[in-house]
Amino acid sequence: YGAVRLISYGALCVISVMAGYLGVVIGQTITFAAADFGRTDSAQANTLAATRIGVLVSVLLIHRADRIGRRPLILWFATGAIAFTVAGAAAPNLAVLGATQTIGRGLTTGLITLILLAATEEAPAGSRALAISLATVAAALGAGMVVWVLPVAGAADGGWRVVYLVPALFLPLLWWVARHLPET
């Protein structure tokens, strides 16, 4: 049972890295995208503010976790967040980028909530804080990965789009998570 639990934590940490990346990509790239689209600082601020509405996406969907199960929702939210983030790479303007990231960030918010809930449910009573801490550290690593890729955004016009394509590389990891993440 200990090995199964360890694999569960590992799967949650892997998906936490993904969630960390997905959660900060718009904030790290908005300046590059706005410059590419010839938009102002005000347009950047409005776009970032609008993406906060995405929290409503997670609120509307996360209540289903008790009925559907944590595992399927984690996988669905992760797949959707990756898809909408990658779609941002093809955005023809700042409004479309904002729309894709509003949905993507909303799904990422729900994903993070479900990860922390699953980590809490999987951990024994004396280890819950440790399980949540490990998932949080993994998410911070994912957020930091955006900064690793960020130099590409400034290397050429439209380079910011590459930062939005990186989550496509998460799909094999998501497949691994799907195989190893039990229902909590």
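Residues numbered from 1 in each chain as written. Predicted model: local features only at pLDDT ≥ 70, side-chain atom pairs only at ≥ 80, totals over all residues. Heavy atoms only, no water.

Right, let's get into the overall build of the protein. Broken down by element type, the protein carries 10 helices and zero strands. Moving toward the C terminus, one meets the helices and strands of the protein in the order α-α-α-α-α-α-α-α-α-α. Its C-alpha atoms give the protein a radius of gyration of 17 Å, near enough to 16 Å, the size a compact globule of 184 residues would have. Along the first, second and third principal axes, the C-alpha atoms of the protein reach 55 × 30 × 25 Å. Burial statistics for the protein: of 184 residues in total, 44% are counted as buried. The long-range fraction of contacts in the protein, counting pairs at least 24 apart against all pairs at least 6 apart in sequence, stands at 81%. (Helix = DSSP H or I, 4+ residues; strand = E, 2+ residues; numbered from the N terminus. Rg over C-alpha atoms; globule rule 2.2 N^0.38 Å. Buried < 20%, exposed > 50% of the residue type's maximum accessible area, 1.4 Å probe, protein only. Contact = heavy atoms within 4.5 Å.)

With that out of the way, let us pick up the side chain of Q101. Within the fold, Q101 resides in helix α6 (residues 94-122). Other than its neighbours up to four places away in sequence, Q101 contacts V25, I26, T51, F84, T85, G88, G106 and Y164.

Moving on, we come to the packing of aromatic side chains. Given two aromatic rings, one states the distance between the centres and the angle between the planes to describe the pair. One pass over the structure, following the stated rule, counts four aromatic pairs. For the ring pair W160 and Y164, a centre distance of 5.5 Å and an interplane angle of 90° mean the geometry is edge-to-face. Highlighted residues: W160 and Y164, both in helix α9 (residues 160-165), separated by four residues, approximately one helical turn. The same class applies to W160 as to Y164, namely buried. Every member of this aromatic cluster is reached through a ring pair, and the members are F37, W160 and Y164. (Phe/Tyr/Trp six-rings, centres within 6.5 Å; stacked < 30°, edge-to-face > 60°.)

With that out of the way, let us pick up the nonpolar core. I15, Y21, I74, L94, L97 and L111 are the most contacted members of the largest nonpolar core, which has 51 residues in total. Looking at this core, the elements with two or more residues in it are α1 (2-37), α5 (70-88), α6, α7 (128-149), α9 and α10 (171-180). Top element by residues in this core is α1. It accounts for 15 residues. (Core = buried A, V, L, I, M, F, W, Y, C linked by side-chain atoms within 4.5 Å.)

Time to look at the pattern of salt bridges. Across all of its chains, the model carries two salt bridges by this definition. Ionic pairing is found between D36 and R161, a salt bridge with its closest N-O pair at 4.0 Å. Linking D36 in helix α1 with R161 in helix α9, this pair joins segments that are 125 residues apart in sequence. For D36, a relative accessible area of 33% gives the class partly exposed. (Salt bridge = Lys/Arg side-chain N within 4 Å of Asp/Glu carboxyl O.)

Residues of the protein with pLDDT of at least 70 account for 96%, and the chain-wide mean is 91. The least confident element of the protein is helix α4 (residues 65-68), whose mean pLDDT is 81; the most confident is α9, at 98. (pLDDT = per-residue confidence, 0-100.)

This next bit is on the packing of helix α3 (residues 55-62) against α6. Angle between the axes and distance between the axes: these two values describe a pair of packed helices. Between α3 and α6, the shortest axis-to-axis distance is 6 Å and the interhelical angle comes to 50°. Here α6 runs oblique to α3, going by the angle between their axes. Read as a crossing pair, α3 and α6 show a hand that is right-handed. Together, V55, V57, S58, L61 and I62 of α3 and G106, L107, T109, G110, T113 and L114 of α6 make up the contact between the two elements. Looking at the contact of α3 with α6 residue by residue, the classes come out as six nonpolar, five polar and no charged. (Axes fitted to C-alpha atoms, helices over the stretch in contact; angles between N-to-C directions. Parallel < 35°, antiparallel > 145°, perpendicular 65-115°, else oblique. Left-handed = near helix turned anticlockwise from the far one by under 90°. Nonpolar A, V, L, I, M, F, W, Y, C, P; charged D, E, K, R; others polar.)

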